[in-house]
Amino acid sequence: MLNDAVCLADLEPLARRVMTPMAFEYVSGGAGDERTLAWNTEAFTRIRLRPRVLADVSTLDTSVRVLGQTLSLPLLLAPAAYHRLFHPEGELATARGAAAANVPYVVSTCTTTPLEEIAAAAPHGVRWLQIYITPDRNRTRDLVQAAEATGIRALCLTVDTPVAGTRNREQRTGFALPAACVTPYMRHVAGADGPGLPFVAITWRDVEWLRAQTRLPVLLKGVLTGEDAARGVDSGAAGIVVSNHGARNLDTVPASIDALPEVIEAVAGRVPVLLDGGVRRGTDIVKALALGATATMIGRPYLYGLALGGAEGVEHVVRILRTELESAFALLGRASVGSVDRAVLW
Ligand SMILES: Cc1cc2nc3c(=O)[nH]c(=O)nc-3n(C[C@H](O)[C@H](O)[C@H](O)COP(=O)(O)O)c2cc1C
């Protein structure tokens with residue numbers, strides 16, 4: 001079934017057939033009336049490309065540098081909770097698939113597998129860790145220490161989730177974690193990333209606190225405005241992730257690609273800016289780069305790949321995007337990421 005998916009849009013209907021209704025609704029759903037969910041993908045389709053011909057594209061280089069690390073593609077796997085809900089091997093399969101596809105995997109604080117086991121499953125894979133600061137700061141400190149000990153290269157502090165969004169699809173399917181899905185770092189937090197329940201309201205002071213706990217770079221994930229991006233950089237953030245949490249939190253905020261330009265302007269090149277939300281085509285990655293992003297992340301598509309084929313499914317999804325991105329580069333007359341700027345937009 002996995003090989004029936006020739007593009008990322010093919011994955012959702014195929015995955016629906018193999019996932020439990022509860023897991024499928026959890027992954028596919030967005031907040032409120034899902035306007036932002038639709039906009040996240042639609043907004044990319046409104047941006048047009050401006051190809052140049054007869055450029056030498058005989059060798060293509062899609063690699064980028066982010067925080068001193070070389071990525072083979074401007075792509076990472078976004079943090080997502082509960083991978084064992086989607087595949088019995090859960091995060092172990094994701095880690096293997098990401099390593100095989102040579103893209104970094106951002107592990108969620110709501111992982112259903114401990115960091116040590118994930119590291120052992122794919123020792124050569126590059127991993128970052130997404131942080132939800134928990135009410136008991138000692139637990140977050142322990143998690144950061146585990147991250148450093150297991151070779152995590154960067155931390156993404158999620159700043160857009162003081163409470164979970166209004167997610168009607170989860171309410172309708174009665175979302176509840178099965179007993180077999182244990183979250184080692186969130187056990188004590190009721191309703192972590194689940195429907196409607198109170199979460200952890202952090203403030204700018206917590207950004208400083210987290211930075212003081214670690215020598216790893218700390219990126220802020222979930223920024224949509226120039227004001228917050230600028231304040232984040234002033235607070236020592238090593239990077240900004242423009243994201244509306246895959247449209248799962250506050251409905252009717254703009255598509256993340258529409259929020260990107262004002263963040264790029266405010267950050268003014270001081271730190272890398274990443275983007276996620278609705279990235280489904282190689283051309284979407286090009287558009288994000290053209291508007292100033294250093295790299296992009298995908299969420300739902302690789303989770304569908306995971307559900308359909310474990311590690312192989314995750315690898316398959318990245319392979320599709322890699323091929324599409326190389327094709328887009330060649331057809332635009334651009335041989336490397338460095339030559340992608342606003343001039344590739346019509
Ligand atoms: C099922 C699911 C679970 C998620 N869990 C988390 C999480 O634990 N922490 C987090 O920061 N973001 C989480 N996200 C948001 C993703 O990191 C990312 O921002 C989003 O999925 C990108 O949009 P896309 O799905 O359109 O690619 C989750 C997204 C999904 C779909």
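Residues numbered from 1 in each chain as written. Predicted model: local features only at pLDDT ≥ 70, side-chain atom pairs only at ≥ 80, totals over all residues. Heavy atoms only, no water.

Enumeration according to the criterion identifies five aromatic pairs in this entry. A centroid spacing of 5.7 Å and a plane angle of 35 degrees characterise the contact between Tyr26 and Tyr82, whose relative ring orientation is tilted. Residue Tyr26 is found in helix H2 (residues 21-28), and its partner Tyr82 is found in the loop between strand S3 (75-77) and helix H4 (90-101); the two are separated by 56 residues along the sequence. The class of Tyr82 is buried, set by a relative accessible area of 3%. Ring geometry for Tyr82 versus Phe175: centroids 6.1 Å apart, planes at 25 degrees, classification stacked. In this pair, Tyr82 sits in the loop between S3 and H4 while Phe175 sits in the loop between helix H7 (168-173) and helix H8 (204-213), placing the two residues 93 residues apart along the sequence. (Phe/Tyr/Trp six-rings, centres within 6.5 Å; stacked < 30°, edge-to-face > 60°. Helix = DSSP H or I, 4+ residues; strand = E, 2+ residues; numbered from the N terminus. Buried < 20%, exposed > 50% of the residue type's maximum accessible area, 1.4 Å probe, protein only.)

This paragraph deals with the pairing of strand S10 (residues 295-298). Taking every second residue as pointing to the same face, both faces of S10 are buried, with Ala295 and Met297 on one and Thr296 and Ile298 on the other. Note that S3 and S10 share three bridges and pair parallel. When the bridges of S10 are listed, Leu75 appears paired with Thr296. The pairing of strand S9 (residues 273-276) with S10 spans three bridges and is classified as parallel. The partner of Asp276 across the bridge, within S10, is Met297. Tracing the backbone out of S9, into helix H11 (residues 282-290) and back to the parallel element S10 gives a crossover that is right-handed. (Pairing = 2+ DSSP bridges. Right-handed = clockwise from strand over helix to strand, strands pointing away.)

Across all of its chains, the model carries zero disulfides by this definition. Cysteine Cys156 is unpaired, with the sulfur of Cys110 as its nearest cysteine sulfur at 14 Å. Unpaired in this structure, Cys181 has its nearest cysteine sulfur neighbour in Cys110, at a distance of 12 Å. (Disulfide = S-S within 2.5 Å.)

What follows is about the site of the ligand. The full set close to the ligand counts 24 residues, and Pro79, Ser108, Thr158, Asp276 and Arg280 are the nearest of them. Note that a nitrogen atom of the ligand is positioned 3.4 Å from one of the side-chain N or O atoms of His245. The side chain of Arg280 places a nitrogen or oxygen atom 2.7 Å from an oxygen atom of the ligand. A total of 600 Å² of accessible area belongs to the ligand in isolation, and the protein chains cover 100% of it. Those elements that place two or more of their residues in the shell around the ligand are H2 and helix H12 (300-332). The residue makeup of the shell around the ligand, split by class, is nine nonpolar, nine polar and six charged. (Near = heavy atom within 4 Å. Polar contact = N/O pair within 3.5 Å; in protein donor to acceptor, adjacent residues only side chain to side chain. Areas by Shrake-Rupley, 256 points an atom, 1.4 Å probe, with all protein chains shown as cover. Nonpolar A, V, L, I, M, F, W, Y, C, P; charged D, E, K, R; others polar.)

You will see that Leu67, though not glycine, has its phi angle at about 50 degrees, which is positive. By the element assignment, Leu67 lies in the loop between strand S1 (64-66) and strand S2 (69-71). The class for Leu67 is partly exposed, based on a relative accessible area of 27%. The phi angle at Tyr82 is positive, at roughly 60 degrees, despite the residue not being glycine.

This paragraph deals with the environment of Glu312. Mapped onto the fold, Glu312 is located in helix H12. The exposed category is assigned to Glu312, whose relative accessible area is 56%. Considering only alpha carbons, one finds Glu312 and Ala93, 219 residues apart in sequence, at a separation of 8.1 Å.

What follows concerns the pairing of strand S7 (residues 218-223). Each regular strand shows side chains that alternate between the opposite faces of the sheet. Counting buried positions over the six residues of S7 gives six, a clear majority of the element. Of the strand pairs in this sheet, strand S6 (residues 155-158) and S7 are connected by four bridges, and their pairing is parallel. Among the inter-strand pairings, Leu155 is bridged to a residue of S7, identified as Val218. Of the strand pairs in this sheet, S7 and strand S8 (residues 239-242) are connected by four bridges, and their pairing is parallel. Bridging from a neighbouring strand, Val223 pairs with Val242 of S8.

Attention now goes to the pattern of salt bridges. Considering all chains together, one arrives at 12 salt bridges under this definition. One salt bridge in this structure joins Arg281 and Glu324, with 2.8 Å as the shortest N-O distance. With Arg281 in the loop between S9 and H11 and Glu324 in helix H12, the pair connects residues that are 43 residues apart, well separated along the chain. Note on Glu324: relative accessible area 17%, which makes it buried. Arg319 is the partner of Glu315 in a salt bridge, and the nearest nitrogen-oxygen pair spans 3.6 Å. With Glu315 and Arg319 both in helix H12 and four residues apart, the pair spans about one turn of that helix. (Salt bridge = Lys/Arg side-chain N within 4 Å of Asp/Glu carboxyl O.)

Judged by nonpolar contacts, the single largest core of 115 residues is most densely connected at Phe86, Leu155, Ile240 and Ile257. Looking at which element gives the most residues to this core, the answer is H12, with 15 residues. Residues in contact with Leu155, not counting those within four places in the same chain, are Leu129, Ile131, Val144, Ala147, Leu210, Thr214, Leu216, Pro217, Val218 and Leu219. (Core = buried A, V, L, I, M, F, W, Y, C linked by side-chain atoms within 4.5 Å. Contact = heavy atoms within 4.5 Å.)

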